[in-house]
Amino acid sequence: MNAMENYLNILHFCFYRAHYKSHLWANKINPFRLIHKLPFQKRQYKKLGIDINKEVDRAFGDKKFGLSTMVAGGILWGMIGIFFFSLIIVFNLIEYANMSHIIGCSLFSGVLCYFFVFKNDKYVKHFDSYEQWSKMEKRQYCLLTMASIVAIFFLFYLGLTT
């Protein structure tokens, strides 16, 4: 496993965890969740033999096809695209940016994400190992992810002001 693959999978994992944790937090304040507590809804779920709260959590938390995994992949792809676009702007490789530059950066970031994260579901193996981290390691990598986001947006801002 190379450093680039590890770094991108760490970012993907941290985005996944952040989205899933925000889903769990939003469950506590979401007024639409009260619908599931209505008597006719409870009877229907009992008849179907499901716990709707667990099913919704499973839909978000599934590592392979869950909503949090998809959102995290999109965020990772977008952040890498913004990073490359920012580099192009900062180093004045283009005089005026147009849509073809944005599409090119998006395609390049998509290819990177595919080969280092998504191909053959590499991220699932990484997720399994990252979930074994201690609380301190999780906090450390969360800070690394936040620092990466701040650095990318700072680079983008720097490119816009030069």
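Residues numbered from 1 in each chain as written. Predicted model: local features only at pLDDT ≥ 70, side-chain atom pairs only at ≥ 80, totals over all residues. Heavy atoms only, no water.

**With respect to the pattern of salt bridges**
Here comes step 1: Across all of its chains, the model carries five salt bridges by this definition.
Here comes step 2: The shortest N-O distance in the salt bridge between K122 and E5 comes to 3.6 Å. One end of the pair, K122, is in helix 6 (residues 122-130); the other, E5, is in helix 1 (residues 3-29), and 117 residues separate them in sequence.
Here comes step 3: The shortest N-O distance in the salt bridge between D128 and K63 comes to 2.9 Å. Of this pair, D128 sits in helix 6 while K63 sits in the loop between helix 3 (52-61) and helix 4 (67-90), placing them 65 residues apart in sequence. (Salt bridge = Lys/Arg side-chain N within 4 Å of Asp/Glu carboxyl O. Helix = DSSP H or I, 4+ residues; strand = E, 2+ residues; numbered from the N terminus.)

**Notes on the environment of L87**
Here comes step 1: By the element assignment, L87 lies in helix 4.
Here comes step 2: Residue L87 is classed as partly exposed on the basis of its relative accessible area, which comes to 23%.
Here comes step 3: With 65 residues separating them in the primary sequence, L87 and I152 have C-alpha atoms 9.5 Å apart. (Buried < 20%, exposed > 50% of the residue type's maximum accessible area, 1.4 Å probe, protein only.)

**Section: unusual backbone geometry**
Here comes step 1: In the Ramachandran plot, N120 falls in the positive-phi region, its phi being about 55° despite a non-glycine side chain.
Here comes step 2: Mapped onto the elements, N120 comes out in the loop between helix 5 (99-118) and helix 6.
Here comes step 3: A relative accessible area of 63% means that N120 is categorised as exposed.
Here comes step 4: Although it is not a glycine, D121 sits at a positive phi angle of roughly 55°.
Here comes step 5: Looking at where D121 falls in the secondary structure, it is placed in the loop between helix 5 and helix 6.

**Looking at the nonpolar core**
Here comes step 1: Grouped together as the largest cluster of nonpolar side chains are 26 residues, with contacts concentrated most on L8, F13, F15, L76, I80 and V117.
Here comes step 2: At the level of elements, helix 1, helix 4, helix 5 and helix 6 are the ones that each hand at least two residues to this core.
Here comes step 3: With eight residues, helix 4 is the largest single contributor of residues to this core.
Here comes step 4: With residues up to four places along the chain from it excluded, the contact list for F15 reads A72, I75, L76, M79, T145 and I149. (Core = buried A, V, L, I, M, F, W, Y, C linked by side-chain atoms within 4.5 Å. Contact = heavy atoms within 4.5 Å.)

**Brief notes about the side chain of R33**
Here comes step 1: Inspection of the secondary structure puts R33 in the loop between helix 1 and helix 2 (39-48).
Here comes step 2: Of the buried charged residues, R33 lacks a salt bridge, with D57 as the closest side chain of opposite charge at 5.0 Å.
Here comes step 3: At 2.4 Å, the side chain of R33 forms a polar contact with the side chain of N53.
Here comes step 4: If we skip the residues at most four places from it in the chain, R33 touches N27, N53 and V56. (Lys, Arg positive; Asp, Glu negative; His and termini not counted. Polar contact = N/O pair within 3.5 Å; in protein donor to acceptor, adjacent residues only side chain to side chain.)

**Quick notes on the packing of helix 1 against helix 4**
Here comes step 1: Viewed as axis vectors pointing N to C, helix 1 and helix 4 meet at an angle of 130°, and their least axial separation amounts to 8 Å. Considered as vectors, helix 1 and helix 4 are oriented oblique to each other. Between helix 1 and helix 4 the crossing geometry is right-handed. On helix 4, the residues that touch L8, L11, H12, F15, Y16, H19 and Y20 of helix 1 are L67, S68, T69, V71, A72, G73, I75, L76, M79 and I80.
Here comes step 2: Considering only residue class, the contact of helix 1 with helix 4 consists of twelve nonpolar, five polar and no charged. (Axes fitted to C-alpha atoms, helices over the stretch in contact; angles between N-to-C directions. Parallel < 35°, antiparallel > 145°, perpendicular 65-115°, else oblique. Left-handed = near helix turned anticlockwise from the far one by under 90°. Nonpolar A, V, L, I, M, F, W, Y, C, P; charged D, E, K, R; others polar.)

**Some details on the packing of helix 1 against helix 3**
Here comes step 1: Where helix 1 contacts helix 3, the axes come no closer than 10 Å and their chain directions differ by 160°. Taken together, the axes of helix 1 and helix 3 lie roughly antiparallel to each other. Where helix 1 crosses over helix 3, the handedness of that crossing is right-handed. On helix 3, the residues touching Y16, H19, Y20, H23, L24 and N27 of helix 1 are V56, D57, F60 and G61.
Here comes step 2: Taken together, the residues that form the contact of helix 1 with helix 3 break down as five nonpolar, four polar and one charged.

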